[in-house]
Amino acid sequence: MAVRVQEAPFDLGAETERFADAQADMGAVVTFTGIVRDLPGDSLDRMVIEHYPGMTEKALEKIELDARERWSLGDVLIIHRFGPMAANERIMMVATASRHRKDAFEAAEFLMDYLKSRAPFWKKEFTASGAEWVAAKDADEEALTRW
Amino acid sequence: MDVLYFAWVRERIGIPREKVETQAATVADLVEELRAREPRYAAAFADLSALRVALDQELTEFDAPLAGVREVAFFPPMTGG
């Protein structure tokens, strides 16, 4: 169980290396990284992510446990940042390890689908013309129905 | 109980959390009480379909009972990842 919710940036390369190094009998490691997107036309000054301390960690741990019930996994790592960040900064990452790649791939997708609409994070985008909360997409909720 | 607000709900109401004394039986009853307080609450709770609620840090529905609950949180749909 490795869930980290932090304001500080993380080193994607170092985290991935450390994660892979720890997998003794696993044949596959899948990682996904979420990056702050710049906005078309209206350049992003910064994104600020708010979260619900306490519930965030519980929700992420629950999502990890749900994934472990469905797939045969080695380690799982979820890192998610909050606070201000600039375009191109890494927001979050998940890593999954399994003996064969299918479990690691599917579990990583499952973690991402649930993390998007069941972990209490809210994104606000600041541009020269103002600030707006990012609206949840219907497609994100629909994505959960396939699991 | 403690009532917490996040994201634009927090901005509309103007505070991140407050203590509320209530006899409300369900979340929906509590929302009615809050709406009746001031226009900023009425604005924040105008459309419940745009809101989510957690009781003691577990997502739930607006018809959930409040008995024994210590912490209620209102927020918009989540946008993690």
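Quick summary incoming for the structure in this document. Quick caveat: nothing in here was measured; it's all calculated off a predicted structure. (Residues numbered from 1 in each chain as written. Chains lettered and ligands numbered in written order. Predicted model: local features only at pLDDT ≥ 70, side-chain atom pairs only at ≥ 80, totals over all residues. Heavy atoms only, no water.)

This part is about the packing of aromatic side chains. Applying the stated criterion across every chain, the model contains twelve aromatic pairs over all chains. With a centroid separation of 5.2 Å and 65° between ring planes, the pair formed by Trp 71 of chain A and Phe 110 of chain A is classed as edge-to-face. Placement of Trp 71 of chain A in the loop between helix H2 (55-70) and strand S4 (76-81) and of Phe 110 of chain A in helix H3 (residues 101-118) is noted, with a sequence separation of 39 residues between them. Comparing Trp 71 of chain A with Phe 110 of chain A, the two get one shared label, buried. For the ring pair Phe 6 of chain B and Phe 75 of chain B, a centre distance of 6.3 Å and an interplane angle of 65° mean the geometry is edge-to-face. Highlighted residues: Phe 6 of chain B in the loop between strand S1 (2-5) and helix H1 (7-13) and Phe 75 of chain B in strand S5 (residues 71-75), separated in sequence by 69 residues. You can call Phe 6 of chain B buried: its relative accessible area is 8%. The exposure class of Phe 75 of chain B is buried, given its relative accessible area of 0%. Pairwise contacts between aromatic rings join Tyr 52 and Trp 122 of chain A together with Phe 6 and Phe 75 of chain B into one cluster. Of note, Arg 46 of chain A hangs over the ring of Phe 126 of chain A, and the distance from its end group to the ring centre comes to 4.0 Å. Sitting over the face of the ring of Tyr 41 of chain B, Arg 37 of chain B holds its NZ or CZ atom 5.2 Å from the ring centroid. (Phe/Tyr/Trp six-rings, centres within 6.5 Å; stacked < 30°, edge-to-face > 60°. Helix = DSSP H or I, 4+ residues; strand = E, 2+ residues; numbered from the N terminus. Buried < 20%, exposed > 50% of the residue type's maximum accessible area, 1.4 Å probe, protein only. Lys NZ or Arg CZ within 6 Å of the ring centre and 35° of its normal.)

The subject of this paragraph is the interface of chain A and chain B. In this assembly, 25 residues from chain A lie in contact with 20 residues from chain B. Interface area, chain A with chain B, both sides summed: about 1800 Å², of which 57% is carbon and sulfur. On the chain A side of the contact with chain B, Tyr 52, Met 55 and Trp 122 of chain A bury the most area, a combined 36% of that side's loss. Inspection of the region where chain A meets chain B yields two salt bridges. Note that Arg 10 of chain B and Glu 50 of chain A form a salt bridge whose closest N and O atoms lie 2.5 Å from each other. Viewed at the interface, chain B and chain A are joined by 14 residue pairs in polar contact (both at pLDDT 80 or more). Contributing elements (two or more residues each) for the side of chain A that touches chain B: strand S3 (44-51), H2, strand S6 (90-98), H3 and strand S7 (121-127) of chain A. When residues in the side of chain A that touches chain B are grouped by element, the largest group, five residues, is from H3 of chain A. (Contact = heavy atoms within 4.5 Å. Buried area = accessible area lost by both parts, 1.4 Å probe. Salt bridge = Lys/Arg side-chain N within 4 Å of Asp/Glu carboxyl O. Polar contact = N/O pair within 3.5 Å; in protein donor to acceptor, adjacent residues only side chain to side chain.)

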